[in-house]
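Fold and contact review
Here's the letter readout for the chains.
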Amino acid sequence: MSFDVQIIGGGLAGSEAAWQLAEAGLRVRLSEMRGGGDTTPAHETDRLAEMVCSNSFRSDDAEHNAVGLLHQEMRDLGSLIMRAADQHRVPAGSALAVDREKFAEEVTRTVSDHPNIAIVRERIDALPDHPTIIATGPLTGSALAEAIAVETGQGALAFFDAIAPIIHRDSVDMDVAWMAARWDKGGKDYINCPLDKPQYEDFIAALNAGEKMPFKEWEKDTPYFEGCMPIEVMAERGPETLRHGPMKPVGLDNPRTGRWPYAVVQLRQDNALGTLWNMVGFQTKLKHGEQVRIFRTIPGLENAEFARLGGIHRNSFINSPRLLDSELRLKSKPSIRFAGQITGCEGYVESAAVGIYAARSAAAELRGERFAAPPIETALGALLAHITGGADAETYQPMNVNFGLMPPPDTRAKKADRKKAYTDRARAAFAVWLDTLKVAEPA
Ligand SMILES: Cc1cc2nc3c(=O)[nH]c(=O)nc-3n(C[C@H](O)[C@H](O)[C@H](O)COP(=O)(O)OP(=O)(O)OC[C@H]3O[C@@H](n4cnc5c(N)ncnc54)[C@H](O)[C@@H]3O)c2cc1C
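Residues numbered from 1 in each chain as written. Predicted model: local features only at pLDDT ≥ 70, side-chain atom pairs only at ≥ 80, totals over all residues. Heavy atoms only, no water.

Regarding the site of the ligand
- Glu32, Arg34, Gln341, Gly347 and Tyr348 are the nearest of the 33 residues found near the ligand.
- Between the ligand and Ser54 there is a distance of 3.1 Å, counted from an oxygen atom to a backbone nitrogen or oxygen.
- Separating an oxygen atom of the ligand from a backbone N or O atom of Gly347 is a distance of 3.1 Å.
- When the free accessible area of the ligand is taken as 960 Å², the share hidden by the protein chains comes to 92%.
- Listed by contribution, the elements that provide at least two residues to the shell around the ligand are helix H1 (12-23) and helix H10 (348-366). (Near = heavy atom within 4 Å. Polar contact = N/O pair within 3.5 Å; in protein donor to acceptor, adjacent residues only side chain to side chain. Areas by Shrake-Rupley, 256 points an atom, 1.4 Å probe, with all protein chains shown as cover. Helix = DSSP H or I, 4+ residues; strand = E, 2+ residues; numbered from the N terminus.)

Observations concerning the packing of aromatic side chains
- Following the criterion strictly, the structure yields twelve aromatic pairs and no others.
- A ring pair is formed by Trp183 and Trp260, whose centres lie 5.5 Å apart and whose planes are at 80°; its orientation type is edge-to-face. A residue pair is termed long-range when its members are at least 10 positions apart, and Trp183 in the loop between strand S10 (178-180) and strand S11 (190-195) and Trp260 in the loop between helix H7 (231-236) and strand S12 (263-269) qualify at 77 residues.
- Through pairs of rings, three or more aromatic residues link up here, namely Tyr357, Phe371, Phe430 and Trp433.
- One cation-aromatic arrangement involves Arg169 over Trp277; the distance from NZ or CZ to the ring centre is 5.7 Å.
- Positioned above the aromatic ring of Tyr262 is the side chain of Arg243, whose terminal nitrogen or guanidinium carbon lies 3.9 Å from the ring centre. (Phe/Tyr/Trp six-rings, centres within 6.5 Å; stacked < 30°, edge-to-face > 60°. Lys NZ or Arg CZ within 6 Å of the ring centre and 35° of its normal.)

Quick notes on H1
- With twelve residues, H1 extends 17 Å from end C-alpha to end C-alpha; this agrees with the ideal 16 Å at 1.5 Å per step.
- Most of H1 sits out of view: eleven of its twelve residues are buried.
- Considered for burial, the residues of H1 that qualify are Leu12, Ala13, Gly14, Ser15, Glu16, Ala17, Ala18, Trp19, Gln20, Leu21 and Ala22.
- Note on H1: the residue one or two positions beyond its end, Gly25, has a positive phi of about 95°. (Expected span 1.5 Å × (residues − 1). Buried < 20%, exposed > 50% of the residue type's maximum accessible area, 1.4 Å probe, protein only.)

As for the sheet that holds strand S7 (residues 132-134)
- If you trace the six strands from one edge of the open sheet to the other, you get S6-S2-S1-S7-S17-S16, paired in mixed fashion. Each having just a single partner strand, strand S6 (117-120) and strand S16 (329-330) make up the two edges of the open sheet.
- For strand S1 (residues 5-8) and S7, the ladder comprises three bridges, and the chain directions are parallel. Following the sheet pairing, Ile7 is matched in S7 by Ile133.
- Those strands touched by H10 are S1, S7, S16 and strand S17 (333-338), and its axis lies near 150° from that of S17. (Pairing = 2+ DSSP bridges. Contact = heavy atoms within 4.5 Å. Axes fitted to C-alpha atoms, helices over the stretch in contact; angles between N-to-C directions.)

Section: the side chain of Glu73
- Structurally, the position occupied by Glu73 is in helix H2 (residues 66-76).
- In this structure Glu73 is buried but unpaired, with Arg427 as the nearest side chain of opposite charge at 7.8 Å.
- Among all residues touching Glu73, those that are not within four sequence positions of it are Thr378, Ala379, Leu380, Ala426 and Phe430. (Lys, Arg positive; Asp, Glu negative; His and termini not counted. Salt bridge = Lys/Arg side-chain N within 4 Å of Asp/Glu carboxyl O.)

Digging into the side chain of Glu290
- Note that Glu290 resides in helix H8 (residues 288-295).
- The contact partners of Glu290, leaving out residues within four places of it in the chain, are Gly210, Glu211 and Phe295.

Points about the pairing of S1
- Burial along S1 is two-sided: Val5 and Ile7 facing one way and Gln6 and Ile8 facing the other are all buried.
- Examined bridge by bridge, S1 and strand S2 (residues 28-31) share four bridges and lie parallel to one another. Within S2, the position partnered with Gln6 by the bridge is Arg29.

With respect to the sheet that holds strand S5 (residues 95-98)
- The three strands are arranged S3-S5-S4 in an open sheet whose pairing can be described as antiparallel. With partners counted over all chains shown, the strands left at the sheet margins are strand S3 (56-59) and strand S4 (89-90), one partner each.
- Relative to S5, S3 runs antiparallel, the two sharing two bridges. Note on S5: the bridge partner recorded for Ser59 is Ala95.

In structure tokens, the structure reads:
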């Protein structure tokens, strides 16, 4: 079958993108290497949309949770992944968990049966010259990864993430923390959280005792890059190591004491909106619950709300804010779009959602129609805005959808009501955007 678009990778993003394009009347060649003699270290079957770890799509609460809201927006966009998940849901409280085998079988069958899709079990090793969506995920085949690296240039494709936790700015206690840059150089760009000697010593002891996530067998050769060593590894090397590394207090006068603290934790702005701040140099393999417990002992962070917790994994992802335009096209080769986790979104749901958008924008382009991104007030719009420019390209690391990616709503309401304010506003904005899709105008 001749085709209009090739999709490389039949995971969560690629399957969804294939379905969306096919439903739009375009012919798709879906190239998936599993089932053709290749696999990844994490996949166990040759089914499309295999969930490699947990069987959960996380919260399904569209009123108080950003990922639940994204579920709803995806349903509104006719998502195959959401339809199959809803069909094969298993009891999991307010979360959407699925029978992973039935779910993947459903997606595989539906995509295979679509007359506009040809699934080809082949590994792709080079960047095609025709319209293509690359959705090869966190474990992209090495030859293709090499080709992407050559096209995108020095350091633009990462093979491992090194994620420092990210905190919602409005949950930091600024009666304790203060804004400053070291030696007052430049603007007061960092939030500084001060620790005295006993607090620092307790913190180091907690890091040493904290439970860590083991590396998977095939991740054991994960290199620790210069400047990206996990904080607990630094703490193990000696009690002073962190105080001479990311917790260095020199040049940081605490306005409340007039002196440098014994140690400091710095937060740096992580998105253009200024709602999210990352803990500088705090990449970690501590278990998530341990991160929350231990990091909330840092003065100023007692009530910190984490938009993302730290981690280090094997994970291929490109520097999307630098490389992609607003329609996920590679600026240097616009016939190529990226979708899924390789764009630096994180998670099954986010990957599939980005797959929808890549497909819809590709379909519009091929049909000569104008296509606008969903507004930043929506979950999908916020995620896309982050990937394609809202995130800081210098510190870009994978990101889940969360309310911190959206502009704060104009309300002083309590926490639960604030979440509802985000989702009410999002629903209204999404409905207006959906209407514009129904009357697509010529470009
Ligand atoms: C070990 C591990 C555990 C994870 N656990 C979770 C979790 O619990 N929850 C969660 O939400 N997310 C988890 N993730 C992230 C998860 O992988 C993504 O959320 C999701 O699968 C990404 O979707 P995707 O479509 O981008 O990539 P994938 O689903 O990985 O799909 C990519 C597809 O591309 C194929 N492919 C790769 N290279 C080529 C090539 N050169 N030619 C042809 N085909 C190719 C692969 O075989 C694969 O089928 C985990 C990831 C890993 C690695």
